[in-house]
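Coordinates in review
One letter stands for each residue in the lines below.
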Amino acid sequence: MLSEKHILHEKYRAERSTELAAACDITRNSIAVIFYDLALERRFARSVAFGVEITPQNAASELSKLFITALREYSVKPAAIKRVGIAAPVSSESALERSLTTNSLGLENVCEILYVPFISAGISGRFTASLLTLPEDGDFAAADFGRSFCIAHKKDGELHCAAFELLGAFDGTALMSGMPAEKGAVDAVRQDDNGTRSYEVVGDCESVGVSPCGALMSAAAMQRVGIIDSDGIMTDRDYYYIGEDCFVSQNDVRAIQTDKARTAAAFELLPNFGGRMFFSGEPFSIPDGFRALLELGAIPKRFREAAFCRNSAEQGIIAFLEDEKVRERAFEISRLAKDFSRDNLLKFDKEYLNNLNF
């Protein structure tokens, strides 16, 4: 992943009310703060920091620095923030609950800080937030591609979930120049039959790094033209250059190979069901990322009609902040969902080995 910290601010509109909520989405390599207008029911602005590892030890300080900077950037008075919602990896969320205060965020004491509840030690509040965006009725399955792979299926009213650790190809942490699909990320890579490569950068600006989607599209292109073999070895080079400054390395390909085998193995644990499948994560920043995952074998072909988006957690946190009934539903999910990870480890390991080859 990138070794230099980057902070971006984006203001969506000039008008806002004096009743705002702040949704904070924390991953292993990024923090996003979304200001949501509770009165006008729309997003007002978004700030994001990436390029730094977020740990239980620094989560509070990194969030506080970004939050206070964002308040100043958008000229938002502390009194305007009525509620703050946070979803993070379990260890970081637990640390934040112990140490984070309204004062450290530059807010007034009457502001509420709410945490989206986690399902188990391995399934964080981010996945709970993602599940809040899905229909309450009917059967479904869902998966979130990040530093860990979270998967769930709901059948006959019962929700079963699991999580499996990944190397970090799908959130960018294991990629040499990996970053989220924010401004400056190479997010689309294509290679013609004659070898000509083209790429697109988020924000149409100078490239900073490669998004997971861009890396996956590169791997799919390399496989297609024979640059990597079925064992994941780059046959005549160690780097696949994208333009002059960015590249996908042999180590990146190894991370993609490992993580695609792990997700393919996890999908084998899903029972047959009649509902819809929903995907979320950095690989889905553009539709071509979904197609690359199908081509590489990370997603079974039977799910080619699935719905997908880059980040459902952000919207889930907003819903959690907006509505008391949604908060009740989140705690119900946390309380009643059954984690089937441990019961399926032997089958998962076997399927992982079966899916390693491209």
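What comes next concerns the included structure. (Residues numbered from 1 in each chain as written. Predicted model: local features only at pLDDT ≥ 70, side-chain atom pairs only at ≥ 80, totals over all residues. Heavy atoms only, no water.)

**Quick notes on the packing of helix α4 (residues 212-225) against helix α6 (residues 287-296)**
As a reminder of what qualifies: The angle between two axes is taken between their N-to-C directions and runs from 0 to 180 degrees, where each axis is a line fitted to C-alpha atoms and a helix contributes only its stretch in contact. Elements are defined by DSSP. Helices are runs of H or I of four residues or more, strands are runs of E of two residues or more, and each kind is numbered from the N terminus. Every angle not falling under 35 degrees, over 145, or within 65 to 115 is termed oblique; those three ranges are roughly parallel, roughly antiparallel and roughly perpendicular. A crossing counts as left-handed when the near helix is turned anticlockwise from the far one by less than a right angle, and as right-handed when that turn is clockwise. In what follows, residue pairs with any heavy atoms lying within 4.5 Å of each other are defined as contacts. Residues are grouped as follows: nonpolar covers Ala, Val, Leu, Ile, Met, Phe, Trp, Tyr, Cys and Pro; charged covers Asp, Glu, Lys and Arg; every other residue, Gly included, is treated as polar.
At a closest axis distance of 9 Å, the pairing of α4 and α6 adopts a crossing angle of 45 degrees. By the criterion of interaxial angle, the relationship of α4 to α6 is oblique. Seen along the crossing, α4 lies across α6 with a hand that is left-handed. From α4, Cys 213, Leu 216, Met 217, Ala 219, Ala 220, Gln 223 and Arg 224 reach across to α6, where they touch Asp 288, Gly 289, Ala 292, Leu 293, Glu 295 and Leu 296. Each residue belonging to the contact of α4 with α6 can be placed in one class, and the counts come to eight nonpolar, two polar and three charged.

**Digging into the packing of aromatic side chains**
Convention followed: Here the aromatic set is Phe, Tyr and Trp, taking the six-membered ring for Trp, and pairing holds for ring centres within 6.5 Å; pairs whose planes are under 30 degrees apart are stacked, those over 60 apart are edge-to-face, and all others are tilted. Burial classification: accessible surface area is computed with a 1.4 Å probe over protein chains only, and a residue below 20% of its type maximum counts as buried, one above 50% as exposed, and the rest as partly exposed. A ring has a charge above it when a Lys NZ or an Arg CZ is no more than 6 Å from the ring centre and no more than 35 degrees off the ring normal.
According to the stated counting rule, one finds 22 aromatic pairs in the structure shown. The interplanar angle of 70 degrees and the centroid separation of 4.9 Å between the aromatic rings of Phe 145 and Phe 149 together place this pair among those described as edge-to-face. The buried category is assigned to Phe 145, whose relative accessible area is 2%. A ring pair is formed by Phe 267 and Phe 279, whose centres lie 5.8 Å apart and whose planes are at 70 degrees; its orientation type is edge-to-face. Of the two residues, Phe 267 sits in helix α5 (residues 250-267) while Phe 279 sits in strand β15 (residues 276-281), which places them 12 residues apart along the sequence. The exposure classification of Phe 267 matches that of Phe 279, with both residues buried. Among the aromatic residues, those joined into a ring-pair cluster are Phe 145, Phe 149, Phe 170, Phe 267, Phe 279, Phe 284, Phe 290, Phe 303 and Phe 308. The ring of Phe 44 is capped by Arg 16, whose NZ or CZ atom sits 5.7 Å from the centre of that ring.

**Looking at the packing of helix α7 (residues 313-322) against helix α8 (residues 324-336)**
For any two helices packed against each other, the geometry is given by the interaxial angle and the distance between the axes. Interhelical geometry of α7 versus α8 gives an angle of 120 degrees and a closest axis separation of 5 Å. Accordingly, the angle class assigned to the pair α7 and α8 is oblique. Contacts from Ala 319, Phe 320, Leu 321 and Glu 322 in α7 reach Glu 324, Val 326, Arg 327, Ala 330 and Phe 331 in α8.

**Concerning a negative patch on the surface**
Let me state the cut-off plainly: Like charges within 9 Å and nonpolar side chains (Val, Leu, Ile, Met, Phe, Trp, Tyr) within 5 Å are joined into patches, using only residues over 30% in relative accessible area that form no salt bridge. Working definition of accessibility: Shrake-Rupley area with a 1.4 Å probe, residue cover restricted to the visible protein chains. Salt bridges, as used here, are contacts in which a Lys or Arg side-chain nitrogen is within 4 Å of a carboxyl oxygen on Asp or Glu. Charge assignment: positive for Lys and Arg, negative for Asp and Glu; neither His nor the chain ends contribute. In this description, the location of a charge corresponds to atom NZ of lysine, CZ of arginine, CG of aspartate or CD of glutamate.
Together, Glu 41, Glu 322, Asp 323 and Glu 328 give the surface a local cluster of negative charge. Mapping Glu 41 onto the fold places it in the loop between β3 (30-37) and β4 (42-50). Residue classification places Glu 41 among the exposed residues on the basis of a relative accessible area of 57%.

**Comments concerning the pairing of β15**
The condition that has to hold: Two strands pair under a simple rule: DSSP has to find at least two bridges between them. Handedness of a crossover is defined as follows: orient the strands so they point away from the viewer, and if the path from the first strand over the helix to the second runs clockwise, the crossover is right-handed.
Most of β15 is tucked away, with five of its six residues classed as buried. Where β15 meets strand β16 (residues 307-309), three bridges bridge the pair, whose relative direction is parallel. Bridging from a neighbouring strand, Ser 280 pairs with Cys 309 of β16. After leaving β15, the chain enters α6 and then returns to the sheet as β16, a path that is right-handed.

**Things to note about the sheet that holds strand β11 (residues 197-201)**
Taken together, three strands build an open sheet; the order of strands is β11-β10-β12 and the sheet is mixed. Since the sheet does not close on itself, it has two edges, and those belong to β11 and β12 (209-210), each with one partner. Sheet topology note: the strand β10 (residues 185-191)/β12 ladder contains two bridges and is parallel. Counted as the bridge partner of Ala 185 is Gly 209 from β12.

**Section: the sheet that holds strand β17 (residues 338-339)**
Spatial ordering of the open sheet is given by β16-β15-β7-β8-β9-β17, a layout of six strands whose pairing is mixed. Edge strands, defined here as strands with exactly one partner in the open sheet, are β16 and β17. The sheet contact formed by strand β8 (residues 148-155) and strand β9 (residues 158-165) spans eight bridges and is antiparallel. Across the sheet, Ala 152 pairs through a bridge with Cys 161, a residue of β9.

**A few points about the side chain of Asp 187**
Put simply, the rule is: Between N or O atoms, a polar contact is any pair within 3.5 Å; within protein, one atom must be a potential hydrogen donor and the other a potential acceptor, and residues adjacent in sequence are included only when both atoms are from side chains.
Mapped onto the secondary structure, Asp 187 falls in strand β10. No salt bridge is formed by the buried Asp 187; its nearest oppositely charged neighbour, Arg 310, is found at 7.3 Å. A distance of 2.5 Å separates a polar atom in the side chain of Asp 187 from a polar atom in the side chain of Ser 211. At 2.8 Å, the side chain of Asp 187 and the side chain of Ser 285 are in polar contact. Among residues more than four places away in sequence, those in contact with Asp 187 are Ala 181, Glu 200, Val 202, Ser 211, Cys 213, Gly 214, Met 217, Ser 285 and Ile 286.

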